[in-house]
Amino acid sequence: MDDRDYIVMLYDFYGELFNERQREYFEEYYFNNLSLAEIGEMLGVSRNAVHKVIQAVEEKLRFYEEKLGLYEKNKIIYGIMDKIEDEKIKKELEKLV
């Protein structure tokens, strides 16, 4: 998995921890594929301001994962679930993750 995909996966786990402005900048950049300049122009801020916010969000995502490990734990759980043959147990576990 490349770094971009990894960051987006982390955002799926931790995105709600960011304020509205941080989420907006991140989502415009990663999900809508807008350039830093396009985001800055759209939101009335400099390209550099957008870059700083996105960079800060990326750093915090890595920090949260380092401390909480939700993404890694989720991968482990799904790996275990793939080995379980009992569909009833699988469905119960899926409710938890």
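Further up the page is the structure itself.
Think of each chain on its own: its residues are numbered from 1, step by step along the sequence as written. For a predicted model such as this one, the threshold for reporting local features is a pLDDT of at least 70, and the threshold for listing and counting side-chain atom pairs is 80 or more; totals across whole chains, interfaces and linings nevertheless cover every residue. Water and hydrogen atoms play no part in the side-chain values, which are based on all heavy atoms of the structure.

Draft legend 1. The arrangement of the side chain of E28 in detail. Along the chain, the position of E28 falls in helix α2 (residues 20–30). Type-normalised accessible area, obtained with a 1.4 Å probe on protein chains alone, sets the label of each residue: buried when under 20%, exposed when over 50%, and partly exposed for intermediate values. For the purpose of charge, His is not counted, nor are the chain termini; Lys and Arg are scored as positive and Asp and Glu as negative. Any carboxyl oxygen of Asp or Glu that lies within 4 Å of a side-chain nitrogen of Lys or Arg is treated as forming a salt bridge with it. Of the side chains bearing the opposite charge, R4 lies closest to the buried E28, which forms no salt bridge; the N-O distance is 11 Å. Within the structure, the side chain of E28 is placed 2.9 Å from the side chain of N32, a separation counted as a polar contact. We call two residues in contact when some of their heavy atoms are within 4.5 Å. When residues no more than four places from it in sequence are discounted, the contact partners of E28 are N33, L34, I39 and M42. Secondary structure follows DSSP: runs of H or I at least 4 residues long count as helices, runs of E at least 2 residues long count as strands, and numbering of each begins at the N terminus. Identification of polar contacts relies on pairs of N or O atoms within 3.5 Å, with a donor-acceptor requirement for protein atoms, meaning one able to donate a hydrogen and the other able to accept it, and with residues adjacent in sequence counted only if both atoms are side-chain atoms.

Draft legend 2. Spatial organisation of the nonpolar core. Membership of the largest hydrophobic core comes to 17 residues, with the highest contact counts inside it found for F26, Y30, V50, I54, V57 and L61. For this core, the secondary structure elements donating two or more residues are α1 (3–14), α2, α3 (36–43) and α4 (47–68). Contact partners of V50, with chain neighbours within four places excluded, come to Y25, L36, I39, G40 and V45. What we call a nonpolar core is a set of buried Ala, Val, Leu, Ile, Met, Phe, Trp, Tyr and Cys residues that are connected through their side-chain atoms within 4.5 Å.

Draft legend 3. The arrangement of the packing of α2 against α4 in detail. An axis is simply a line fitted to the C-alpha atoms; with a helix, the fit covers only the stretch in contact. Between two such axes, the angle follows the N-to-C directions and lies from 0 to 180 degrees. Running from N to C, α2 and α4 cross one another at 95°; their axes reach a closest spacing of 9 Å. Overall, the two elements α2 and α4 adopt an arrangement that is roughly perpendicular. Counted together, R21, Q22, Y25, F26, Y29 and Y30 of α2 and A49, V50, V53, I54, V57, E58, K60 and L61 of α4 form the full contact between these two elements. Side-chain classes are defined by residue name, with Ala, Val, Leu, Ile, Met, Phe, Trp, Tyr, Cys and Pro counting as nonpolar, Asp, Glu, Lys and Arg as charged, and the others, Gly among them, as polar. When the residues that make up the contact of α2 with α4 are grouped by side-chain class, the tally is ten nonpolar, one polar and three charged. Here the angle decides the label: under 35 degrees means roughly parallel, over 145 means roughly antiparallel, 65 to 115 means roughly perpendicular, and every other value means oblique.

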